[in-house]
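# Tertiary structure, described
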Amino acid sequence: MRRLLALGLIIVAFGLTTWGQPLEIWIRSVYYPPFNEWLKSKILEWSEQTGVEVDVSIISDYLLDEKLINAIETRVTPDIIFNAESGVTLALEAGLAVPLEDVVDRLGRDDFYPLALQAYALTDPETGQKLVYAIPMFFEFGYWYIRTDLLKAAGMEIPEQPTWEWLVEAAKAMNNPPEVYGLGIPISPSYDALNVLSFLLYHYGGGFITELAPGGADIFNTEPTWRLFEDLKQLYKDKIIPPDAVSWTDFDNNLSYMEGRIATTWNPGSIMGAMLKQNHPLVPYTKMIAIPPISLGGECVFVFKSTPEREAKCKDLVYYIFADKETYRVKSADEAGLYGVPIFKSQGAIISQKYEAGEFPFLGSDPMVPIARGEAFFGTNVPYPYGEATSVFEAAASSFQITAMMGPLFIKDADPKQVAQDISLWLNARLAARGS
Amino acid sequence: MKNRGGVTRTVVLLVIGLVVALPIYWAFVVSFTPPAVVLFKKPLYPSPFTLENYVALFAGEWGPGSGYSFLLPVRNSIIVAVGNTLLSVTVGILAAYALAMMQFRGKRALSTFVLFAYVFPPFIIMIALRYLITWLGINDTLYGLILLHCVITVPYCTWMLRAYFLSVPKDIEEAAMVDGCTRFQALIRVILPVTLPGVITAATFAFTLSWQDLILALITLDTDVNYTVPMALVNMIQGDFIQWGKLMAGAVVGALPPIFVYYLLQRHIVSGLTAGAVKG
Amino acid sequence: MMKKRFEPYMYMAPAVLIIAFIIIFPLIYTLYISFASKLIGREITSFGFFNYAKVFSEGRFFSSFGKSLFFTVISVFMKFVIGLALALILNRSFRGRGLVKGYFFLPWCIPWFTTAILFLWMFRFSGGVNTMLTRAGLSPVFWLSERLALVTGIFANIWKGFPFFMISFLAGLQAIPKELYEAAKVDGAGPFQQFLHVTLPGLRNVILITCTLSTLWTFGLFDLLYVMTRGGPGDASKVLPILVYETGIRQYEFGKAAAMAVLTLPVVLLLVFVLVRLTRREA
């Protein structure tokens, strides 16, 4: 009975919302307003050229997440989402996602960095094939920001190949509470904190999930994680990490860096972009370095199932957006403080050239190098070592539970092994719930 | 003794007034200071003083590439709030009258049922509501939101007005009935004028409740030209970047219509309005 | 004659019908889903009590519930006290009264979300309040710490919420006939006696309803704490609405979230039941 009702609703909904209606396009707003605006203008350009009507909205992610859930659950969806941080795995599981393999071919499959095509190569539930269901908008690069003036005062220099260990040393040297804290890493419930945790877990040799079955998260409750948690706990105790970092939300580390309170932090290019725009005094004293493996943000574009004609139009639009690769690169990278680096090798080469020519003085190294080498991963979508984007990890990321459960390490002096076990149990429970 | 009362009064007002002022003061400081200065220098007063945040609001450079003035969401909110207030106060007056003045079976059940709208957190019911919205075809419309907001305002109006109606002394109502009025005439001619402060208050709050709603607007409205003020404010948060200055400016501008409504309506309340009613 | 019997129902009809129309399906749907294994985007796979079992076995529901109670009771009580005090003061005429009333109405005009952002700006560790403290030579306070996060949230809630009490009580005070006060004075009652025997009884229904409404709203309040603390640090300020939100909308486990929502029904129903019992016509 319920199936009939659902079917009826779906038919009505499809009929009402898709027949002859303009394409509904959502743009999740990334930090850099000009990029959102440029995307919108490009879409309108395409609409004029092709005569297809569009309804474009730029939506903050505080609003978008609920709207997306609603859309997927009630199966009344927009046609495309740009800059979506999550949702493609959920859409796929609901049978609402459309493969984009032909768009990839049109854009030149060889011009993509392998990393760009691996992230969202998901298993098609019907055929069992791995298909590209979403294309990353760019690689939202996670940099480590360093105050070069404080570094110099501490008598240190950025080495050729910086490592996490070096960073901790530098942080300790620059640490001067309460004016300046050395290691301003996010450790509270936030996307930033999960990205940092992912990076650290890789580095220490641990992992999140090995398989999508209960028990797949046992790998989390292992020695590397215990060591990592012990080290983090100590850093917090020694006040290298600011005491209030446990209550930071996603923008607090940005603000704290711009307030001059922390000497280092992890963040994508948004801090630099904001500082450049405001002529912030710290711009000349900031270097953004890359410590592999790079944790990437997951902004991507994907298309929702509707009718073959609409889907074809959507895919044409997606192609059109990326097609002028040069302009796209300028809008998302060059002008945006290298917030997003290109997914195309041809454009990546230009970035490298520009870097060599000294056009990005705030960068400590060429960001395309680790990308080309594949020394990067998507920290909030793809659990290591499982390697494929999955809704379990998306849920873990967007619910901030993992980082929230790390809280007791800092505020309650909890035993790292206990915390690791709790998190691993929680992840296993999510895996079990998924299977049911 | 009268003087001491006056002094206590002033002290209490001042203390509470200062505490209330603190966030308002900060909102003003942040909205009148250029963004870069606010973050780095943390000034205690706007220096340099600038109107750029407000200008940006009206020039359409406030949200994530909005291109339209902030007045558009304000207009949307006004449409929804006014429409909903008229609807819910009317409906509430009728229901409250029955609950306060009449006896009938199922009175308790019905009045309790109305409060069931507040029972579950909105985001649990939002998915079911979305089904309803689509089925009715009212998604992305302002008038659809007017209807949906009843879920917030009608229970409030019903119960609040019931409270005010209950405080009308029985003699007044009986006097009206004896004079040969129908129930409805008694309501219009006697009860409402006597409880006018309460009705005005209920209307004011119904307006503000509708004005501030975020979640129902979120699930109903899709395209950004239809957004209401709360949604527009949230839209100024982009990832980990918040346009503090414009957000506070928007908060200030967005608070003006409710204040204005409050002033408009409060002028109609005269203290002691009810004083002579019984004798008259 | 027939008309008279149906009369009350006709008056009640618009309100009840509108509410029923909007809310019946969601209420039933939530109840239904709470017994199902439902992940967002997926089909229901089975029915049973397992969601409830899971909720009971994990301690988080109860600790969140406790935090919600703490948050709600203290907030509502303080709002009541402040609102009543201000209403009493503002009930007398004095110069500038209109302006003062308007001033105290201001906090209510700012939506919850914006209030949260504003208070976050103020109470972050390097935010406005601590800046003022340090400039005055005092040491900064970690307002959003594990110990204080909920308290700071309570303060924000009181700041924004007290106008509701103040104005509702003010309107109620104005409905109390002056003759009652005069009669009491004739009987030799002083101001405090008058307050106890005339004001409070006269305000009784308004107080009950205002407090109940506010309790319902405050208990279900999500935006404020979520934006300020995300329920953190750890679980320190994770009131029930935040837990439900994270479970249903973020972890995608909708069935379990619905079960949590249903489990709060007894408390809510109790509250409403008490309200209905206690509000009656003043003799």
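Conventions adopted
- Residues numbered from 1 in each chain as written.
- Chains lettered and ligands numbered in written order.
- Predicted model: local features only at pLDDT ≥ 70, side-chain atom pairs only at ≥ 80, totals over all residues.
- Heavy atoms only, no water.
- Contact = heavy atoms within 4.5 Å.
- Salt bridge = Lys/Arg side-chain N within 4 Å of Asp/Glu carboxyl O.
- Polar contact = N/O pair within 3.5 Å; in protein donor to acceptor, adjacent residues only side chain to side chain.
- Helix = DSSP H or I, 4+ residues; strand = E, 2+ residues; numbered from the N terminus.
- Nonpolar A, V, L, I, M, F, W, Y, C, P; charged D, E, K, R; others polar.
- pLDDT = per-residue confidence, 0-100.
- Core = buried A, V, L, I, M, F, W, Y, C linked by side-chain atoms within 4.5 Å.
- Buried < 20%, exposed > 50% of the residue type's maximum accessible area, 1.4 Å probe, protein only.
- Domains from an automatic or database assignment.
- Buried area = accessible area lost by both parts, 1.4 Å probe.
- Phe/Tyr/Trp six-rings, centres within 6.5 Å; stacked < 30°, edge-to-face > 60°.
- Lys NZ or Arg CZ within 6 Å of the ring centre and 35° of its normal.

### Comments concerning the interface of chain C and chain B
Chain C puts 103 residues into the contact, and the matching count from chain B is 107 residues. Put simply, chain C and chain B have zero salt bridges between them. At the surface where chain C touches chain B, the tally comes to nine residue pairs in polar contact (both at pLDDT 80 or more). Ranked by residue count, the leading element in the side of chain C that touches chain B is helix α1 (residues 2-34) of chain C, at 20 residues. When grouped by side-chain class, the residues that make up the side of chain C that touches chain B number 74 nonpolar, 15 polar and 14 charged.

### Re the interface of chain B and chain A
With 31 residues of chain B at the interface, the matching set in chain A holds 43 residues. On inspection of chain B and its partner chain A, the count reaches one salt bridge. D222 of chain B serves as the salt-bridge partner of K67 of chain A, at 3.2 Å between the closest nitrogen and oxygen. There are 10 residue pairs in polar contact (both at pLDDT 80 or more) connecting chain B and chain A. Elements with a minimum of two residues in the side of chain B that touches chain A: α2 (35-41), α6 (122-136), α11 (215-220), α12 (229-234), β1 (237-238) and β2 (241-242) of chain B. A per-element tally of the side of chain B that touches chain A places α6 of chain B first, with six residues. Taken together, the residues of the side of chain B that touches chain A break down into 20 nonpolar, six polar and five charged.

### Details of the confidence of the model for chain B
Residue and element names in this part refer to chain B. Scored by pLDDT, chain B has a mean of 84; 91% of the residues are at 70 or more. When mean pLDDT is compared element by element in chain B, helix α4 (residues 71-101) scores highest at 94, while α2 scores lowest at 71. For the stretch residues 270-280, pLDDT sits under 50, and the model shows 16 contacts to residues farther than four places along the chain or on other chains.

### Concerning the nonpolar core
Counting residues in each nonpolar core, the largest one holds 374 residues, and the members touching the most others are F82, I135 and W164 of chain A together with Y156 and F165 of chain B. Ranked by residue count, the leading element in this core is helix α7 (residues 142-166) of chain B, at 17 residues. Summarising the domain contributions, this core has at least three residues from each of domain 1 (2-50) and domain 2 (71-278) of chain B. Residues in contact with I135 of chain A, not counting those within four places in the same chain, are L100, V103, V104, F112, C300, V301, V318, F322 and I343 of chain A.

### Structural notes on the domain arrangement of chain B
All names here are of chain B. In terms of domain boundaries, chain B breaks down into domain 1 (2-50) and domain 2 (71-278). Between the C-alpha centres of domain 1 and domain 2 the distance comes to 30 Å. Facing the five residues of domain 1 at the interface are five residues of domain 2. Together domain 1 and domain 2 conceal approximately 430 Å² of surface at their shared face, both sides included; 88% is due to carbon and sulfur atoms. Of all residues in domain 1, A27, V30 and S31 give up the largest surface area on contact with domain 2, accounting jointly for 67% of the area buried on that side.

### Description of the side chain of S306 of chain A
Mapped onto the secondary structure, S306 of chain A falls in the loop between β12 (300-303) and α13 (308-323). Ignoring anything within four residues of it in the chain, the contact list for S306 of chain A reads D79 and E311 of chain A.

### Brief notes about the pattern of salt bridges
Here the structure, examined in full by the defined rule, presents 38 salt bridges over all chains. K256 of chain C serves as the salt-bridge partner of E58 of chain C, at 3.0 Å between the closest nitrogen and oxygen. Remark: K256 of chain C occurs in helix α12 (residues 254-263) and E58 of chain C occurs in the loop between α2 (50-57) and α3 (60-90); sequence separation between them is 198 residues. In this structure, the salt-bridge partner of E253 of chain C is K256 of chain C, at a minimum N-O distance of 3.9 Å. In terms of burial, E253 of chain C and K256 of chain C fall into one category: buried. Residues joined in a network through salt bridges with shared partners are E326, R329, D334, K354 and E359 of chain A.

### Here's the deal with the packing of aromatic side chains
Aromatic ring pairs are described here by two measures, namely the spacing of the ring centres and the angle between the planes. Tallied over the entire structure, the rule returns 73 aromatic pairs over all chains. Ring centres of F208 of chain A and F220 of chain A lie 5.7 Å apart, and the angle between their planes is 20°; this geometry places the pair in the stacked category. In this pair, F208 of chain A sits in the loop between α9 (191-204) and α10 (223-237) while F220 of chain A sits in the loop between α9 and α10, placing the two residues 12 residues apart along the sequence. Each of the two residues, F208 of chain A as well as F220 of chain A, counts as buried. Feature note: the residues Y118, Y156, F205, Y262 and Y263 of chain B together with F80, F105, W108, F164, F165, F169 and W217 of chain C constitute an aromatic cluster, connected by ring pairs. For the cation-ring pair, K325 of chain A lies above F344 of chain A, with the distance from its terminal atom to the ring centre recorded as 4.2 Å. Between K160 of chain C and the ring centre of W108 of chain C, over which it is positioned, the NZ or CZ distance is 4.6 Å.

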